[in-house]
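As a plain string of letters, each chain reads:
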Amino acid sequence: MQIDIKYVPIGTVAEGYVIGDVNLDQNRLEITGPASKVNEIVRAVVDVNVTDITNNISARGSILLKNADGQTLNYDSIVKNIDNVKVEVVVYPTKEIPVVYTASGTPDNGYMVTGEIDAMPMTVRVAGPANLLNNFNELVVPNEELDVTGATENVEKDVNLRRLLPAGLSFEDKTFDGKAKVTVFI
């Protein structure tokens, strides 16, 4: 049976840092042995301690076989084609930056922009190589994204912030979809 090898972080990186790319020198494992034992295996993992790290690390880790309950299986009758892999973990610094929203256009006759824009989020945490992060101080939403031309009521828009990030940077929170909810008050 062949199974993918997955990396599992143990602990958390230092505050102000996030795990970026993770590379394994081998990502597939071949397992042989009695079918009753082999069929219990649902995952192959390599644990790597990342507690409080602030720099990239390279480590060799033993491959652990896990069952559906997450328990480690140690059967003498199971043979693996490799016992350990090299894992390289890239760690990026993070930075909180403001998101700048500006409206453009002119509302319909008799209406005006109040100058107030309500947006969520107003700041974002981004991560990436220090040389890119150091030169990135604000995320500017192009004013054409918030065009109020001809508006007679508040203009509400969803803005995709992810596409505004420079190449090489990402949001610290991997679950954040990159969408900002913006209201321009008319």
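Conventions used here
Residues numbered from 1 in each chain as written. Predicted model: local features only at pLDDT ≥ 70, side-chain atom pairs only at ≥ 80, totals over all residues. Heavy atoms only, no water. Pairing = 2+ DSSP bridges. Helix = DSSP H or I, 4+ residues; strand = E, 2+ residues; numbered from the N terminus. Axes fitted to C-alpha atoms, helices over the stretch in contact; angles between N-to-C directions. Buried < 20%, exposed > 50% of the residue type's maximum accessible area, 1.4 Å probe, protein only. Core = buried A, V, L, I, M, F, W, Y, C linked by side-chain atoms within 4.5 Å. Contact = heavy atoms within 4.5 Å.

Draft legend 1. Up close: the sheet that holds strand S14 (residues 179-184). Across the sheet, which stays open at both edges, the three strands sit in the order S9-S14-S12 with antiparallel pairing between neighbours. Looking at the sheet topology across the chains shown, the edges are occupied by strand S9 (117-120) and strand S12 (155-160). In this sheet, adjacent strand axes meet at a mean angle of 20° when their direction is disregarded. Sheet topology note: the S9/S14 ladder contains four bridges and is antiparallel. Bridge pairing in S14 links methionine 120 to lysine 181.

Draft legend 2. Focus on unusual backbone geometry. Along the chain, methionine 120 connects to proline 121 via a cis peptide bond; the corresponding omega equals 10°. Within the secondary structure, proline 121 sits in the loop between S9 and strand S10 (123-127). Even without being a glycine, aspartate 52 presents a positive backbone phi close to 60°. Its location among the elements puts aspartate 52 in the loop between strand S4 (43-49) and strand S5 (57-66). Of the residues examined, aspartate 52 reaches a relative accessible area of 56% and is grouped as exposed.

Draft legend 3. View of the nonpolar core. Core analysis: the biggest nonpolar cluster contains 24 residues, and Tyr101, Val124, Val126, Leu139 and Leu161 have the highest contact counts within it. Listing elements by their share of this core, those giving two or more residues are strand S8 (84-100), S10, S12 and S14. Leucine 161 has contacts with Val99, Tyr101, Pro121, Val124, Leu139, Val141, Phe171, Phe176, Gly178 and Ala180, leaving out every residue within four places of it along the chain. Judged by nonpolar contacts, the second largest core, of 21 residues, contains Ile5, Ile31, Val38 and Val48.

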